[in-house]
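# Structure assessment
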Amino acid sequence: MQLDSYLEIFMTLYGWAFANLLGGILTDTGIAAVPFALILINAWREAKERGETQSVMSVLESSMTKIWVAIFVMIMCFATTSYTSLSRLSLNFTPTATFDDPNPQSVNKDTQGAALTIPFGDTAAKSFGNAGEISYVPVWWLAVMAVSNGVNNAFRAGLANADNDFRRLEDIARTSTIEDPKLLKSIQDFYSQCFTPARSKFLSSDSASLSASGRAIISSDNSDYGPTDTDWMGSQLFRTEPGYYSEMRSYNPVPGWAIDFSRDVEYIQTPAAEGTPEAGYVNPDWGRPTCKQWWEDEGQGIRAAMTNHSSSWRTMAQQALSLASSSDKAKDSVARLAQTQARPMYVSPDNILGAQHDAGTVVARSIGGVVSTAGTGLMALVTNITAGALHNGLMMTQALILMGLYMFLPLVTVLSGYDLKVFFLGALAIFTVKFWAVMWYVANWVDGHLMKAMYDGNFNVDSLVQMLQNGNKRMLLNVLLLTMYVGLPVLWTALMGFMGYKSIDPIESLKGSQTTANNTAPKKIR
């Protein structure tokens, strides 16, 4: 039986373990037989009210239908047997394949046997094995579980599509950070020693001074780069245009870069003679690479370090290769995302120049910040929704609710007097809660297509950078996702609740017609 989450394996077994414990208490104390006595007593009361107490047979005839219905419900919904034990089934869960885990491992109750049995002790009578009774399930509830899981699996199989990987990719991109302080310093150094001078030179120069290839890179018609290419450290223009990264060098020696005397011409290759101004000069430990080398080198360049320093970034780089037009473009896309997360920046010019704001300005800005805190806080909460955490939390909630349903089914069946309504309403409740997993799968599918549609059907790693920087579009997508995750199950549950309410009428009509038939049947003349 293929379940919907890893936790559901535990909760299904625990739920029926508790159900069997409650069922044992009801049986051992004789409470399970009380409903039959109540049926006879109620039939006798109704016969007395009609003045038909002369014959015991008339009382039995009037209650026979109710007794047979109660026996049927008890056998199907309360009585357990080893032939319908969960120990005979393979309860398993296989996560949905994603780009970072295309072949997820399936887990089942057998691989988790020790973890499942420990809470119930070590005795064989209380185990989940074939000898234990706490894994037994009544026939009807087992059939409902099987049908519900079959419907869920068939629906997911019919809607299989990798587009929901985009949300997973967005979650990885937003939660991935650069934690290595040395790498953060290297990024900051490159930003201030290479990108800032190159950017300043570009802004102060005339576009006509660029080469034809340079103008083509920043042209608005260039879909790969365009005018925004010069807004980040790995600009294609700065890397390829003469006079920029290829000729600019770091201000200071960069750790890890060996001295190259053909490049580091200010270093002294041979010791200077005594009496010369250079006598006693000692070269630094490291060289000063060009900005192009510092960025592009596969061994120790900034770009390689940004895209390979952790598993999450390597996953992003691997996915970028399948989405980008070239390997170089894929590496640049991930590096640009890493720059967004690292956020290198200047020290505030106001602080450098000592132009601090006066007290009145500080107070006014503080009041404005307090007034806008509620709105921005709510926006930040919605904008920072993590689909993976939301989905996992809801799946855990579903598993816990199912455990509660399974646990109380025997008690509800007995307390209802083995009413036929429990037979249908209990099945409806299980199917409704189980189908929530399909609603969340649909939400993921729709969310992935919406993300793709918002970027003209060409969602890639560059789109993730735009999404992280564009709070409005990201917030809109997350609001829609939250609405679908919560709204669809609520709508589905309301519809099924209405159906359950309406289904009571035919059952009551059936019971009423049978009672009327018994009461109006001709009596045997002695």
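In this numbering scheme, every chain counts its residues from 1 along its sequence in written order. Since the coordinates come from a predicted model, pLDDT governs what is reported: local features require at least 70, and pairs of side-chain atoms require 80 or more to be given and counted, while whole-chain, interface and lining totals use all residues. In computing side-chain values, all of the structure's heavy atoms are included and hydrogens and water are not.

### A word on the packing of helix H5 (residues 139-158) against helix H19 (residues 436-453)
Here is the rule: Interaxial angle, 0 to 180 degrees, is taken between N-to-C directions of lines fitted to C-alpha atoms, where a helix line uses only the stretch in contact. Where helices and strands are cited, they refer to DSSP runs of H or I of at least four residues and of E of at least two residues respectively, numbered from the N terminus. For this classification, under 35 degrees means roughly parallel, over 145 means roughly antiparallel, 65 to 115 means roughly perpendicular, and everything else is oblique. For this analysis, residues touch if any pair of their heavy atoms sits within 4.5 Å. Amino acid classes used here: Ala, Val, Leu, Ile, Met, Phe, Trp, Tyr, Cys and Pro are nonpolar; Asp, Glu, Lys and Arg are charged; the rest, including Gly, are polar.
Where H5 meets H19, the axes come as close as 9 Å, and the angle between the chain directions of the two elements is 10 degrees. With respect to H19, the element H5 is oriented roughly parallel. Of the residues in H19, those in contact with Asn152, Phe155 and Arg156 of H5 are Ala437, Val438, Tyr441 and Val442. For the contact of H5 with H19, the class distribution of residues is five nonpolar, one polar and one charged.

### Re the nonpolar core
So the rule is basically this: Nonpolar cores were defined as sets of buried Ala, Val, Leu, Ile, Met, Phe, Trp, Tyr and Cys residues, with membership established by side-chain atoms within 4.5 Å. For every residue, the accessible area (1.4 Å probe, protein chains only) is compared with the maximum for its type, and the residue is labelled buried under 20%, exposed over 50%, or partly exposed between those bounds.
Judged by nonpolar contacts, the single largest core of 48 residues is most densely connected at Trp16, Leu86, Trp141, Tyr406 and Tyr418. Of all elements in the fold, only helix H1 (6-28), helix H2 (34-50), helix H3 (56-77), H5, helix H17 (387-415), helix H18 (420-434), H19 and helix H21 (471-520) reach the threshold of two or more residues within this core. Per-element tally for this core: the top contributor is H18, with seven residues. In this view, Trp16 contacts Leu86, Ile134, Tyr136, Val137, Pro138, Trp141, Met145, Tyr406 and Leu409; residues no more than four positions away in its chain are not counted. Phe202, Met233, Tyr244 and Ile302 belong to the second largest nonpolar core, which has 37 residues in total.

### With respect to the pattern of salt bridges
This is how it is decided: Salt bridges, as used here, are contacts in which a Lys or Arg side-chain nitrogen is within 4 Å of a carboxyl oxygen on Asp or Glu.
Enumeration over the complete set of coordinates arrives at 16 salt bridges. Note that Glu296 is salt-bridged to Arg239, the shortest N-O span being 2.8 Å. Separated by 57 residues along the polypeptide, Glu296 in helix H10 (residues 291-296) and Arg239 in helix H9 (residues 236-240) bring together distant segments of the chain. Overall, the relative accessible area of 22% leaves Glu296 in the partly exposed class. Of the charged contacts in the structure, one is a salt bridge between Glu266 and Arg249, with a shortest N-O distance of 2.9 Å.

### A few points about the state of the cysteines
One way to say it: the disulfide is the covalent bond shared by the sulfur atoms of two cysteines. Here is the rule we go by: Any two cysteine sulfur atoms within 2.5 Å of one another count as a disulfide.
The tally for this structure, following the rule as stated, stands at one disulfide. Here Cys194 pairs with Cys291 through a disulfide, and the sulfurs are 2.1 Å apart. Its torsion about the S-S bond being -85 degrees, the disulfide of Cys194 and Cys291 is classed as left-handed. Of this pair, Cys194 sits in helix H7 (residues 181-204) while Cys291 sits in helix H10; the two residues are 97 residues apart in sequence, bridging distant segments of the chain. For Cys194, a relative accessible area of 0% translates into the label buried. With relative accessibility at 0%, the residue Cys291 sits in the buried group.

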